[in-house]
Amino acid sequence: MADEKKVIVEIKNVNKLYGDNHVVKDFNLDVYEGEFLTLLGSSGCGKTTTLRMIAGFEEPTSGSISVEGEDIHNKEPYERDVNTVFQSYALFPHMTIYDNVAYGLKMKKVKKPEIKERVTEMLDLVQLGGFERRYPSQLSGGQKQRVAIARALINKPKVLLLDEPLGALDLKLRKQMQLELKRLQKKLNITFIYVTHDQEEALTMSDRICIMNEGVLQQVGTPFDIYETPATKFVATFIGETNIFDGHVLLAENGRLHIAVEPGDFVVNGTDFISGDMLSVSVRPERMLYSETPVEGFNLSGTVKDQIYVGSVLKTVVVLSNGNEVKIERLAGQELPKGGRVYLYWNDGDAKLIHTFDNVFASAVENIVME
Amino acid sequence: MKRKTKAAVKKIAGIVFCGLVYLFLFLPIAVIVTNSFNATTAKPYLTWRGFTFDWYVKLFDNNTLLTSFGVTIAIAIISTLLATAIGTLAAVGMYKYKFRGKGLIDGLLYIPVVIPEIVLGISLLTLFSNTHIPRGMLTLIFAHTTFSTPYVIFNVRARLAGYDQSIEEASMDLGANRIATFKNITLPVLAPGISGGALLAFTLSIDDVIVSYFTNGQVKTFPLKVMESIKSGVAPDVNALSTLILIGTILLVILTKSDLIKKIKALVKR
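The rules behind the values
Residues numbered from 1 in each chain as written. Chains lettered and ligands numbered in written order. Predicted model: local features only at pLDDT ≥ 70, side-chain atom pairs only at ≥ 80, totals over all residues. Heavy atoms only, no water. Core = buried A, V, L, I, M, F, W, Y, C linked by side-chain atoms within 4.5 Å. Buried < 20%, exposed > 50% of the residue type's maximum accessible area, 1.4 Å probe, protein only. Helix = DSSP H or I, 4+ residues; strand = E, 2+ residues; numbered from the N terminus. Contact = heavy atoms within 4.5 Å. Disulfide = S-S within 2.5 Å. Buried area = accessible area lost by both parts, 1.4 Å probe. Salt bridge = Lys/Arg side-chain N within 4 Å of Asp/Glu carboxyl O. Polar contact = N/O pair within 3.5 Å; in protein donor to acceptor, adjacent residues only side chain to side chain. Nonpolar A, V, L, I, M, F, W, Y, C, P; charged D, E, K, R; others polar. pLDDT = per-residue confidence, 0-100. Pairing = 2+ DSSP bridges.

## Quick notes on the nonpolar core
In terms of nonpolar packing, the biggest core is built from 52 residues, with V9, F27 and I193 of chain A touching the most fellow members. The biggest single contributor to this core is helix α9 (residues 178-206) of chain B, with six residues. If near-sequence neighbours (up to four positions away) are discounted, I193 of chain A is found in contact with V9, V31, L37, L39, L51, I54, V159, L160, L161 and L162 of chain A. One finds V85, L91, L128 and L169 of chain A within the second-largest nonpolar core, a separate group that totals 37 residues.

Given below as structure tokens:
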């Protein structure tokens, strides 16, 4: 990310509690002008609540949210320069498509000829020209979604908030709308904050992804960063498939770490650790390698349980001595005999080392503070 | 061949049965309408003595009957307005907010609907006489508002069942404040429920006899007047007024069922 980018939304130390239920915890995030930022997490992680606090439908219990440097705490939803695309579309059922899209302009008391011009232009932009006189009930799901987007964009908001807007569409339409949304965002150069639980969607569309779990921000970064260098074990397992080995550092010496995991041990590059540190090692299935003879530096072996040929790749499942399964994806090559012994290894740099002691420690501290 | 006859018999039987049901429903009304044009003057006014408009002429000379009709309409309009306003606000309030005792209030709503009207009439009479409210127009309006409000609530609530609250948020998100949102979004979307409830309240009020009987004082509503006059057989001028009311109602139904109102609106807009 270029660092001269201007911050448009600043979320500072925001907490949200419903009674005893701590939904968003000490949330800090800067959103840059013109970027496509995705809030990603499973349901109940606080991502929608965060979005609704920016829109003004919920108030933070503590902390502040600013848009363009201005604290919007005291502003009603109708006074904020942000617009929302709702999960349920929320189209006005008693109004035509034209009136739906024109609504924001009418509320801003824009003159009629200008409304007509801008609505027509906007409907053309979302490829719904000619649908002006129809009612929402006469449209398909995808068309309704376009109307909702057009309606939210007509006031030229500084930030567009999208709450799982493609959740109700079928897979094919969703893929198509993903690309279209991305195209719209680039064309209009409006900041999008997009909420989804679909990691693939997030990877496809976002400039940056912000991963949340149980109200806590886990990591913010580009799709590449998130996938390649996950900051926490949660991120590693949430984005894509991975193999996790929990263990600890036996010896740290000259930038080499000797790590013991339950069913074996190995040596990898690493500097951030000292002897005795607890850690998780994450290796993606497509980076995992195997050999039929022992590999130097690795003492990790198992038996082949299954091999599935799925066209582009060969998926192999190896069972370790402690019963854990390791997933391996290779471009189709020679097959291994079922039940045969294989030795696992990987290239230096393909294993991501994640401190776990820190996480345990952090949550322990948090628990003490909460009590 | 056999199958064909079977089908034909089935079809004819269906038509006959359907016809009988409709005959049963509409014959009494036809009798009233016919009798309003009957020239007979001998009680009980049932033998046909030729066609006449006399009863309609006589009707417009019968001031007490016309007054009673005016009273009925006035009470119906006022009590409908009150019941609609109270009922709509109650339904929206109970939909939007959670509060203690909501279940109880919910259940109590059914009481005025299910208890025999005579019980409601007597209890209202007791209430009014104990609080020294003089019986008359005012007590009639209170009474009618009381029994029609739950119907408005049920109707509006049925509409709310399929209501997506996020459209109100969307309206506010697009720059409309709360009042504008209620006016532009909430009210129009709920309108069919509200108008349905109002229509029901209006009809309930217009033909109510029992509750009115206990709460009217000296005021005579049209149904009460009719009840009084049938002691000596249904007078043909009552038939005449009934026929006029019938025509009025049918016109109203045609107006609401057809797209007439929409078309007029569209014309005015242009």
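## So, the state of the cysteines
This model, assessed by the stated rule, comprises zero disulfides over all chains. Take C210 of chain A: it sits in no disulfide, and the sulfur closest to it among the cysteines is that of C45 of chain A, at 8.9 Å.

## Observations regarding the interface of chain B and chain A
On the side of chain A, 23 residues touch chain B, which itself brings 19 residues to the contact. Across the interface of chain B and chain A, roughly 1,700 Å² is buried in total on both sides, 60% from carbon and sulfur atoms. On the surface where chain B and chain A come into contact, there are two salt bridges. A salt bridge links R52 of chain A to E169 of chain B, with the shortest nitrogen-to-oxygen separation between them at 2.7 Å. Our count for the contact surface shared by chain B and chain A stands at ten residue pairs in polar contact (both at pLDDT 80 or more). Of all the secondary-structure elements, those providing two or more residues to the side of chain B that touches chain A are α8 (166-173) and α9 of chain B. Class assignment of the residues belonging to the side of chain B that touches chain A gives a composition of nine nonpolar, six polar and four charged.

## A closer look at the confidence of the model for chain B
The predicted model of chain B has a mean per-residue pLDDT of 87, with 97% of residues at 70 or higher. Of all helices and strands in chain B, the one with the weakest mean pLDDT is helix α13 (residues 260-269) of chain B (70), whereas α8 of chain B scores best (93).

## Quick notes on the pattern of salt bridges
Counted by the stated rule, this structure contains 28 salt bridges over all chains. Between K182 of chain A and D207 of chain A there is a salt bridge, with its nearest N and O atoms 3.4 Å apart. Taken as a pair, K182 of chain A in helix α5 (residues 171-188) and D207 of chain A in the loop between α6 (199-205) and β9 (208-213) lie far apart in primary sequence, 25 residues in all. In this pair, the class of K182 of chain A matches that of D207 of chain A, namely buried. The partner of E228 of chain B in a salt bridge is K220 of chain B, with the nearest N and O atoms 3.8 Å apart. For K220 of chain B, a relative accessible area of 32% translates into the label partly exposed. Taken together, the salt bridges that share partners define one network made up of K6, E33, E68, D81 and K158 of chain A.

## Focus: the sheet that holds strand β5 (residues 70-71) of chain A
Residues and elements named next belong to chain A. Taken in spatial order, the four strands of this open sheet run β2-β1-β4-β5, and their pairing is antiparallel. Edge positions in the open sheet fall to β2 (21-32) and β5, since each of these has one partner strand only. Two strands pair when backbone bridges link them, and strand β4 (residues 62-67) and β5 are joined in this way by two bridges, in the antiparallel orientation. Note that in β5 the partner of S66 across the bridge is D71.

## Structural notes on the pairing of strand β17 (residues 301-309) of chain A
All names here are of chain A. Where β17 and strand β20 (residues 341-345) come together, three bridges link them in antiparallel fashion. Counted as the bridge partner of G302 is V342 from β20. Alignment of β17 against strand β18 (residues 313-320), held across seven bridges, turns out to be antiparallel. Bridge pairing links T303 to V319 in β18. Here β17 folds back onto β18 in antiparallel fashion, the turn holding three residues, of which G311 has a positive phi close to 85°.

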